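# Structural description and commentary
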Amino acid sequence: MAHLKKKDGLWVLHNDKDFCTGLTKEMQEELGEVSFVSFPKVGQTVKAGEPFLEVEAEKAVSEFKSPVTGVVASINEKAEKDPAVLNTDDELDAWLLSFRQVEVEEFETL
């Protein structure tokens with residue numbers, strides 16, 4: 001069963017073993033058309049509350065803090081090549097990356 005939480009313009013989806021994160025619809029509207037995303041490296045450990053991602057868009061450049069502590073398992077390679085794919089009506093299609101080794105308790109407190 002999947003669980004979705006939102007924090008600071010990002011959503012985090014937990015479905016049994018994976019934790020995926022992306023831009024909320026509200027953040028997509030606030031940023032405007034996305035033109036560049038600076039992703040962390042796959043295998044990199046990120047800590048909750050620390051900057052891990054930068055998004056450049058028509059209205060703003062925003063630095064995002066990781067909602068959870070974990071290891072980057074994958075990034076949205078389509079978005080890395082063409083950030084415009086993040087400008088979507090379905091916010092779950094605006095996924096950025098997935099995490100592994102996340103404490104479920106930490107996710108639950110979002």
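It should be emphasised that the depicted structure is a prediction, and the values quoted were computed from it without experimental measurement. Positions within a chain are numbered from 1, following the residues in the order the chain's sequence is written. With pLDDT at 70 or above as the cut-off, local features in this predicted model cover only qualifying residues; side-chain atom pairs require 80 or more to be listed or tallied, and sums for whole chains, interfaces and linings still use all residues. Only hydrogens and water are set aside when side-chain values are computed; all heavy atoms of the structure are taken into account.

### Notes on the sheet that holds strand β9 (residues 95–100)
Heads up, the rule is: Any two strands between which DSSP finds at least two bridges are classified as paired. Strands are runs of DSSP state E lasting at least two residues, helices are runs of H or I lasting at least four, and both sets are numbered from the N terminus onward.
The antiparallel open sheet is built from 6 strands, whose spatial order is β1-β2-β3-β9-β8-β5. Of all strands in the sheet, those with a lone pairing partner are β1 (2–7) and β5 (45–46), marking the two edges. Where strand β8 (residues 70–75) and β9 come together, 4 bridges link them in antiparallel fashion. Considered in β9, the bridge of S74 is made with S98.

### Focus on the sheet that holds strand β7 (residues 61–65)
Pairing between the strands of a sheet is mediated by backbone hydrogen bonds and can be parallel or antiparallel. Rule in force here: Here, axes are lines fitted to C-alpha atoms. For helices the fit covers the stretch in contact, and angles between N-to-C directions go from 0 to 180 degrees.
Taken in spatial order, the 3 strands of this open sheet run β4-β6-β7, and their pairing is antiparallel. Edge positions in the sheet fall to β4 (34–38) and β7, since each of these pairs with one other strand and no more. Ignoring which end each strand starts from, the neighbouring axes of this sheet average 20 degrees apart. Relative to strand β6 (residues 51–57), β4 runs antiparallel, the two sharing 4 bridges. Note that in β6 the partner of V34 across the bridge is A57.

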